[in-house]
Amino acid sequence: AGASQLSGYYTDPTPYFKFSPSTDNKAVKGYYVLWSKNTDGDPIEKGKFTKKPEFKAPKLARTGVYYLLISAVDKAGNSSDMVYATYQYWQQ
């Protein structure tokens, strides 16, 4: 993400994620992504669809822990199990 890290926290208020494509990439239609304060959400039901394996978060206003929830979807409509990335932000 190009951000500096402070004791386990990142200081970049506009995180950018680029993740590895699904291992079954030949049939992948895209990804549902959800930016959240917890891991309880469902990216397919509440997230946004993207064809590219990347995501730019909205500018963060507060120190805290954020999660990027991701589910891949293939051309037949099958979805992967949800995975997530953690982003701990420290506002300077």
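Attention here is on the structure that accompanies the text. Keep in mind that what you see is a predicted model, and the values were worked out from it rather than measured.

Moving on, we come to the environment of Y9. Among the structural elements, Y9 can be located in strand β2 (residues 9-10). On a C-alpha basis, the gap between Y9 and Y89 in space is 5.3 Å, while along the polypeptide they are 80 residues apart.

This next bit is on the side chain of S36. The topology assignment puts S36 in strand β4 (residues 28-36). Since its relative accessible area comes to 14%, S36 is described here as buried. Sequence-distant contacts of S36, defined by excluding residues within four places in its chain, comprise Y66, Y67 and L69.

Tallied over the entire structure, the rule returns nine aromatic pairs. Aromatic pair F17 and W35: ring centres 5.7 Å apart, planes at 55°, arrangement tilted. Residue F17 is found in strand β3 (residues 16-18), and its partner W35 is found in strand β4; the two are separated by 18 residues along the sequence. Overall, the relative accessible area of 18% leaves W35 in the buried class.

Reading the values: rules and limits
Residues numbered from 1 in each chain as written. Predicted model: local features only at pLDDT ≥ 70, side-chain atom pairs only at ≥ 80, totals over all residues. Heavy atoms only, no water. Helix = DSSP H or I, 4+ residues; strand = E, 2+ residues; numbered from the N terminus. Buried < 20%, exposed > 50% of the residue type's maximum accessible area, 1.4 Å probe, protein only. Contact = heavy atoms within 4.5 Å. Phe/Tyr/Trp six-rings, centres within 6.5 Å; stacked < 30°, edge-to-face > 60°.

It is worth stressing that arrangement in space is one thing and function is another; only the former is reported here.
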